[in-house]
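As a plain string of letters, each chain reads:
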Amino acid sequence: MLDKERSFARIRILLRGVVFAQVQRPASLALVLFFALALDAGNLSAAPATLATAGVSSAGKPAADAGETIFRRGIQGSGQALVATRDGGVQLQGAAAACINCHRPSGLGAKAGRDTIPPITGRYLFHPRAKDMEDLDLPYVDGIRADRDPYTDETIARAIRSGLNSEGKPLSYLMPQFALNDADMAALIAYLKRLDQRRPRGVADTVLHFATIITPDADPVKRRGMLDVLQQYFTDKNVFPLGATPPLRTSRRMMFMVNRRWQLHVWELTGPPDGWEQQLKQHLAAEPVFAVLSGLGGKTWAPIHAFCEDEAIPCLFPNVETPVGGDSDFYSLYLSKGVLLEAELIAKKILDADGTGRGRAVKSVRQIYRAGDSGEAAAQALAAALKQHGIAVSSRVVRPDENVAKALKGAARTDALVMWLRPADIAALAAAPAPKASTAVFMSGLMGGLEHAPLPPSWRSSTSLAYPVDLPERRRYRVDYAFGWFAIRHIPVVAEQVQADTYLACGLLAETLSHMVDTFVGDYLVERIEDMLERRILTGYYPRLTLASGQRFASKGGYIVRFAEPDGVRLVAEGDWIVP
């Protein structure tokens with residue numbers, strides 16, 4: 001009877017954590033539900049099982065050794081799944097039991113609701129007992145404990161196998177126990193010791209080095225606008241005389257005293273994409289950087305994405321229309337899925353019961369795009385989504401020397417027309433009659449220029465725009481500060497969204513670094529951005545930004561809109577904000 005009462009008490013505590021996470025921090029809900037490890041009583045560790053695939057060595061490479069495989073993937077040296085056993089005999093296996101789920105790729109832990117996930121890298125485990133935080137010569141991270149005996153190899157093994165901390169006291173009842181053999185245990189402990197021995201690239205006593213990357217096919221106007229914002233932000237950041245930063249202790253009173261100058265390196269790529277990787281390696285060797293900030297891509301960003309994953313370099317919010325799809329990687333963060341999100345919005349609209357408003361279900365769709373442009377990937381994504389539901393999808397690729405009006409021939413015989421076109425092609429639609437009223441028409445807002453798309457009056461009443469940002473009147477207060485900053489510093493506004501997104505990326509980096517003290521670890525930078533992003537008030541073009549562990553796209557939805565008048569830029573939404 002007593003055991004049952006204890007079990008119910010534990011369930012009630014867990015449920016209270018779930019309720020708190022839902023109210024205070026929705027992204028923490030998954031963490032609370034999957035509490036797994038702790039190295040000090042009362043400090044709980046948690047994360048969803050899917051985290052075990054995040055940051056699984058660079059670019060999906062096999063883990064370097066058994067310790068890393070156990071920590072990141074939940075696989076023992078024998079190749080068998082790791083098994084974790086909690087009170088009551090509840091077991092977790094494989095990826096769900098991996099240490100990364102609780103202590104994150106950096107090993108530095110995190111916050112989950114009101115609970116703290118402790119750091120488990122070597123210097124935090126083996127530090128001598130201290131009276132208080134002031135006596136610890138360690139950068140501050142949440143969950144650090146000063147007043148306990150240091151761990152040894154033997155007491156770490158005991159904690160993992162038997163659930164006892166460095167002083168022999170029971171750990172939290174949520175702490176699983178792992179029956180690791182001696183070889184696997186030694187490998188795991190060795191890995192924990194190595195986690196914080198990596199020397200960070202691009203970090204000096206007085207300087208933090210960052211790069212921004214520009215592909216050769218990037219829009220030159222957007223390039224100018226982005227660089228104007230980046231260079232001015234760095235200038236402002238470095239306006240006060242800076243000297244060497246003394247080692248920072250763990251006191252919260254010193255959290256905001258990081259005193260390093262920011263140095264921006266502009267990496268401009270040349271030639272075709274298959275040569276970019278080698279160029280990036282040369283840039284990195286000549287100019288080591290802590291992270292890649294913003295950036296501007298054209299038709300593809302995939303080689304840069306792969307390079308940053310392979311080199312474990314955080315790549316923070318580049319301006320790209322076609323980010324690499326999927327949430328499986330770790331180091332690359334995007335504000336939005338771009339045209340791939342637009343494809344999802346259009347697919348949902350088409351698939352909803354009579355979502356087009358034409359009085360009948362859509363059975364055939366025709367897409368128009370130019371080869372090699374961002375619309376090609378979007379068209380492929382939309383076709384794949386619709387074909388799964390039995391909808392026939394055809395594509396018309398516009399040749400480089402071909403007028404788009406000619407490519408529209410035959411569009412009247414389809415239920416829906418989807419156009420992935422640039423402003424010049426959109427303006428050329430004036431030479432072509434709009435499809436009949438029974439044909440639903442959609443176009444890419446991002447590629448066309450959002451509310452500034454030059455859609456001819458004859459097409460406006462029949463055409464819906466995929467719009468993966470907030471409506472102009474709703475986002476105005478969130479972008480006014482950035483545009484005011486541009487005006488004061490005499491920065492010409494030549495590419496509104498690119499410049500606003502670049503300013504947002506700079507602000508997110510600055511805010512995150514101010515909370516990292518001296519803990520300059522690339523993995524930890526990404527983790528801190530994940531944790532802090534949803535508390536950001538000024539989110540630019542986006543109504544809300546969140547990055548739960550394992551997510552790489554911060555804005556999750558958009559609108560389907562249309563123009564309100566035959567001319568002008570006023571839009572009306574056809575429904576609520578859509579999260580596909």
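Details of the structure are given in the entry above.
Residues numbered from 1 in each chain as written. Predicted model: local features only at pLDDT ≥ 70, side-chain atom pairs only at ≥ 80, totals over all residues. Heavy atoms only, no water.

Novice: Describe the packing of helix 9 (residues 276–286) against helix 10 (residues 302–311), naming the residues involved and giving the relevant values.
Specialist: Helix-helix packing is described using two parameters, namely the angle between the two axes and the distance between the axes. Between helix 9 and helix 10, whose axes approach to 9 Å, the crossing angle comes to 45°. As summarised for this structure, helix 9 and helix 10 are arranged oblique, according to the angle between their axes. Handedness of the helix 9/helix 10 crossing: right-handed. For the pair formed by helix 9 and helix 10, the contact residues are Trp276, Glu277, Leu280, Lys281 and Leu284 on the first element and Pro303, Ile304, Phe307 and Glu311 on the second. (Axes fitted to C-alpha atoms, helices over the stretch in contact; angles between N-to-C directions. Helix = DSSP H or I, 4+ residues; strand = E, 2+ residues; numbered from the N terminus. Parallel < 35°, antiparallel > 145°, perpendicular 65-115°, else oblique. Left-handed = near helix turned anticlockwise from the far one by under 90°. Contact = heavy atoms within 4.5 Å.)

Novice: Before we move on, can you summarise helix 7 (residues 182–195) with the specific residues and values?
Specialist: The terminal C-alpha atoms of helix 7 lie 20 Å apart, and with 14 residues this matches the ideal 20 Å at 1.5 Å per residue to within 8%. All of the buried residues along helix 7 are Asp184, Met185, Ala187, Leu188, Ile189, Tyr191, Leu192 and Leu195. Of the surrounding elements, those touching the buried residues of helix 7 are helix 3 (66–73), helix 5 (122–125) and helix 6 (153–162). Measuring from the side-chain oxygen of the N-cap residue of helix 7 to the backbone nitrogen of Ala183 gives 3.2 Å; that N-cap residue is Asn181. (Expected span 1.5 Å × (residues − 1). Buried < 20%, exposed > 50% of the residue type's maximum accessible area, 1.4 Å probe, protein only. Polar contact = N/O pair within 3.5 Å; in protein donor to acceptor, adjacent residues only side chain to side chain.)

Novice: Lay out the packing of aromatic side chains in plain terms, naming residues and giving numbers.
Specialist: What the rule picks out here adds up to 17 aromatic pairs. A centroid spacing of 5.2 Å and a plane angle of 55° characterise the contact between Phe210 and Trp262, whose relative ring orientation is tilted. Here Phe210, found in strand 6 (residues 207–214), pairs with Trp262, found in strand 7 (residues 261–268); they are 52 residues apart in sequence, far enough to count as distant. Their ring planes at 90° and their centres at 5.8 Å tell us that Phe290 and Phe520 sit as a pair that is edge-to-face. With Phe290 in the loop between helix 9 and strand 8 (291–293) and Phe520 in the loop between helix 18 (496–516) and helix 19 (522–532), the pair connects residues that are 230 residues apart, well separated along the chain. (Phe/Tyr/Trp six-rings, centres within 6.5 Å; stacked < 30°, edge-to-face > 60°.)

Novice: Give a description of the pattern of salt bridges that names residues and reports values.
Specialist: Summed over all chains, the structure comprises 31 salt bridges. A salt bridge links Arg161 to Asp182; the shortest N-O distance between them is 3.0 Å. Of this pair, Arg161 sits in helix 6 while Asp182 is found in helix 7, placing the two residues 21 residues apart along the sequence. The class for Asp182 is exposed, based on a relative accessible area of 60%. Here Glu451 ties to Arg475 by a salt bridge, and the two come within 2.7 Å at their closest N and O atoms. In this pair, Glu451 is assigned in the loop between helix 15 (445–448) and helix 16 (457–460) and Arg475 in helix 17 (residues 472–488), connecting sequence segments 24 residues apart. Pair check on accessibility: Glu451 and Arg475 agree, each one buried. Overlapping salt bridges bring together Arg104, Glu530, Asp531 and Arg552 as one network. (Salt bridge = Lys/Arg side-chain N within 4 Å of Asp/Glu carboxyl O.)

Novice: Any chance you could break down the pairing of strand 15 (residues 463–467) for me, citing the residues and the numbers?
Specialist: With five of five residues buried, strand 15 is to be regarded as a mostly interior element. Neither face of strand 15 is left uncovered, since the one carrying Thr463, Leu465 and Tyr467 and the one carrying Ser464 and Ala466 both have all their residues buried. Across four bridges, the pairing between strand 14 (residues 440–444) and strand 15 is parallel. Each bridged residue has a counterpart across the sheet, and for Ser444 the counterpart in strand 15 is Ala466. (Pairing = 2+ DSSP bridges.)

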